[in-house]
Amino acid sequence: MQETKITIQETTNNTIVKFNSTTILINGGSYEYSNIDEAKNSPLAQELFYLPFVKKVFITANFIAIQRFDIVEWIDVQEEVAEQIEAFIADGNIVVNEQTSSTKKEAIEVYAEVTPNPAVMKFGTNKALTQTDVEYKNIDEASKSSPLAQAIFNFPFVKEVFISDNYISVTKYEMVEWKEVFAEVRTFIREYLVDGKTIIKEIPNQNTATKATIEAPVIALEGISAQISDILDEYIKPAVAGDGGNIAFRSYDEETKVVSVVLQGACSGCPSSTATLKNGIESLLMEMLPNQISEVVALNG
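Because the structure is predicted, anything quoted here is derived from the model rather than measured. (Residues numbered from 1 in each chain as written. Predicted model: local features only at pLDDT ≥ 70, side-chain atom pairs only at ≥ 80, totals over all residues. Heavy atoms only, no water.)

*Asks:* Which residues make up the overall build of the protein, and what are the values?
*Replies:* The secondary structure content of the protein amounts to eight helices and 14 strands. Counting the 301 residues in the protein, one finds 47% classified as buried. Of the contacts made within the protein by residues no fewer than 6 positions apart, 61% connect residues no fewer than 24 positions apart. In the form shown here, the protein has an accessible surface area of approximately 15300 Å², with 48% of it arising from carbon and sulfur atoms. (Helix = DSSP H or I, 4+ residues; strand = E, 2+ residues; numbered from the N terminus. Buried < 20%, exposed > 50% of the residue type's maximum accessible area, 1.4 Å probe, protein only. Contact = heavy atoms within 4.5 Å. Areas by Shrake-Rupley, 256 points an atom, 1.4 Å probe, with all protein chains shown as cover.)

*Asks:* Quick one: what's the story with the sheet that holds strand 13 (residues 258–265), residue by residue and with numbers?
*Replies:* The mixed open sheet is built from three strands, whose spatial order is 12-13-14. In this open sheet, the two edge strands, each paired with only one partner strand, are strand 12 (245–252) and strand 14 (295–298). Strand-to-strand twist across the sheet, computed as the mean angle between neighbouring axes with direction ignored, equals 30°. Both strand 13 and strand 14 contribute to a ladder of four bridges, which runs parallel. Directly across from valine 259, in strand 14, lies its bridge partner valine 296. (Pairing = 2+ DSSP bridges. Axes fitted to C-alpha atoms, helices over the stretch in contact; angles between N-to-C directions.)

*Asks:* Go over the packing of aromatic side chains with me, naming the residues and quoting the values.
*Replies:* What the rule picks out here adds up to nine aromatic pairs. The interplanar angle of 90° and the centroid separation of 5.5 Å between the aromatic rings of phenylalanine 155 and phenylalanine 188 together place this pair among those described as edge-to-face. With phenylalanine 155 in the loop between helix 5 (147–152) and strand 9 (158–163) and phenylalanine 188 in helix 6 (residues 178–194), this residue pair connects regions lying 33 residues apart in the sequence. The class of phenylalanine 155 is buried, set by a relative accessible area of 11%. Against the face of phenylalanine 63 rests lysine 18, its NZ or CZ located 4.2 Å from the ring centre. (Phe/Tyr/Trp six-rings, centres within 6.5 Å; stacked < 30°, edge-to-face > 60°. Lys NZ or Arg CZ within 6 Å of the ring centre and 35° of its normal.)

*Asks:* Which residues make up the confidence of the model for the protein, and what values go with them?
*Replies:* Confidence in the prediction of the protein, expressed as mean pLDDT, is 83, and 85% of residues score 70 or more. Across residues 206–218 the pLDDT falls below 50, and counting only partners more than four positions away or on other chains, this stretch makes 37 contacts in the model. (pLDDT = per-residue confidence, 0-100.)

*Asks:* Describe the pattern of salt bridges, and please don't skip the residues or the numbers.
*Replies:* On inspection of all chains with the given rule, the structure shows seven salt bridges. Note that lysine 56 and glutamate 32 form a salt bridge whose closest N and O atoms lie 3.9 Å from each other. Taken together, the residues span a long stretch of sequence, with lysine 56 in strand 4 (residues 54–59) and glutamate 32 in strand 3 (residues 31–33) at a distance of 24 residues. Judged by relative accessible area, lysine 56 falls into the partly exposed class, the value being 30%. The exposure class assigned to glutamate 32 is partly exposed, which follows from its relative accessible area of 48%. For lysine 122, the salt bridge is made with glutamate 113, and the minimal N-O distance between the two is 3.9 Å. The exposure class assigned to glutamate 113 is partly exposed, which follows from its relative accessible area of 29%. Several salt bridges converge on common partners, so that one network encompasses Arg68, Asp70 and Glu73. (Salt bridge = Lys/Arg side-chain N within 4 Å of Asp/Glu carboxyl O.)

*Asks:* An account of the sheet that holds strand 1 (residues 6–10) is needed here, citing residue identities and associated values.
*Replies:* Here five strands make up an open sheet; going across it, the order is 1-2-5-4-3 and the pairing antiparallel. In this open sheet, the two strands that pair with only one neighbour each are strand 1 and strand 3. Taken pair by pair, the neighbouring strands of this sheet meet at an average axis angle of 20°, ignoring direction. The pairing of strand 4 with strand 5 (residues 63–68) spans five bridges and is antiparallel. Looking across to strand 5, one finds that phenylalanine 58 is bridged to alanine 65. Across the sheet, helix 2 (residues 74–90) touches strand 1, strand 2 (16–21) and strand 5, and the angle it forms with strand 2 is around 30°.

As structure tokens, this is what we get:
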């Protein structure tokens, strides 16, 4: 079993700190608790509430966010909290008892949407799927971390699978048209989610930029890099997510002023992605950061 490591990440709210996990904590979705009584299905949250400064606990697949009361500063206690969470998980304790949380099946909806990329169909859902966007190029990649993606690859026409917050983008081979198969895929995804099966069992390896995960390395961005990342998150990501795609900031070269990004989901291989990259993203960054951007390039486009 993979050993769990907890890293500390500050947020824009100085009362809230994220404790990121290197392993999957729960099977999709998220849980929020305001007190120990609400946390009856989460042994970890109950233990955290015994700390007198804990105000709220928010648990997702790969991080735990904790809001504190003003009686302490995070800098004084965050290392001890991280160690406590690590020790709790290392002892084999349950983070959230999801079986008791879902004794009755959820009312899950899945809808299909066309995207600008004719090879990609977006399957949106009212269920939170992941907090870490993941992309798989083949069933071997999927088998290592995502049972859901692996199951989707059992359709012979599936080429790639991208899973984001509340949607799945599926890329097909040219052997079929989406109008012939989208209903079958939509039904399969819905039944899989209704049955409460595992979506992601392990966070994918981040050794390469174009495989598995688009999450940038866990480092604190500064200066122009931080500004670029914020602009992409606020102005670009929501737009491309609407089309079943995603964009991730990868790097900024201060000498050449070149911005490198990763395109995924419907954006990867889309005929219009080059125009979007140049006319949309590049133009916006040049306008918002004058004299700081010379070009935007896609590492996988």
